[in-house]
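Chain by chain, the residues:
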Amino acid sequence: QVHVVQSGGGLVQPGGSLKLSCTTSGRTGYTWPMSWFRQVPGKAREFVAGMRWGDSRASYADNVKGRFTISGDYGESTVYLQMSVLKPEDTAVYYCACRGAQAPVTTVATNYQYWGQGTQVTVSS
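My aim in this report is to walk through the structure given alongside it, one point at a time. Bear in mind that the values here come from a model prediction, so they are computed numbers and not experimental data.

Along the backbone of the chain there are zero helices and 11 strands. When the elements of the chain are put in sequence order from the N terminus, they spell out β-β-β-β-β-β-β-β-β-β-β. Computed over C-alpha atoms, the radius of gyration of the chain comes to 13 Å, within 12% of the 14 Å expected from 2.2 N^0.38 for 125 residues, which places it in the range of a compact globule. Once the C-alpha set of the chain is aligned to its principal axes, its extents read approximately 40 × 30 × 25 Å. In the chain, which comprises 125 residues, the share counted as buried stands at 42%. Here the contacts in the chain between residues at least 6 apart in sequence split such that 59% fall between residues at least 24 apart. Carbon and sulfur atoms make up 48% of the accessible area of the chain, which totals about 6300 Å².

The structure is reproduced here in structure tokens:
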């Protein structure tokens, strides 16, 4: 069974940077999508970025493209989200998600079976 554990997050000033980590306890498939979502109170969970280990292509939400970078290390079963030029509207709880099948990266949260515990990112001066 796949267990997902996150680390990172915290308080950062606008324009600053922050890096999140996500490690799976247990092996995931090389072709399984790994993605980051975020959520604010009263709103649906929102896709941020997604990838598959070994792929050169990654997917990003329009409002983070050019500022966020998703990457991964399959040998360590770890996925990262490097966030830069952070804005107050980036404030949210960020979740790491794993889709437990050979499938494309999608922006639909219900397509992912395994989730991290979430970590708070607050962007404020």
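Attention now moves to the pattern of salt bridges. Inspection of every chain in the model, using the stated rule, returns five salt bridges. Glu-46 is paired through a salt bridge with Arg-38; the nearest N and O atoms lie 3.0 Å apart. Given a relative accessible area of 32%, Glu-46 falls into the partly exposed group. Residues Asp-62 and Lys-65 are paired through a salt bridge, measuring 3.8 Å at the closest nitrogen-oxygen approach. Judged by its relative accessible area of 53%, Lys-65 falls in the exposed class. Each member of the salt-bridge network shares a partner with another, and the members are Arg-38, Glu-46, Arg-67 and Asp-90.

Cut-offs applied
Residues numbered from 1 in each chain as written. Predicted model: local features only at pLDDT ≥ 70, side-chain atom pairs only at ≥ 80, totals over all residues. Heavy atoms only, no water. Helix = DSSP H or I, 4+ residues; strand = E, 2+ residues; numbered from the N terminus. Rg over C-alpha atoms; globule rule 2.2 N^0.38 Å. Buried < 20%, exposed > 50% of the residue type's maximum accessible area, 1.4 Å probe, protein only. Contact = heavy atoms within 4.5 Å. Areas by Shrake-Rupley, 256 points an atom, 1.4 Å probe, with all protein chains shown as cover. Salt bridge = Lys/Arg side-chain N within 4 Å of Asp/Glu carboxyl O.

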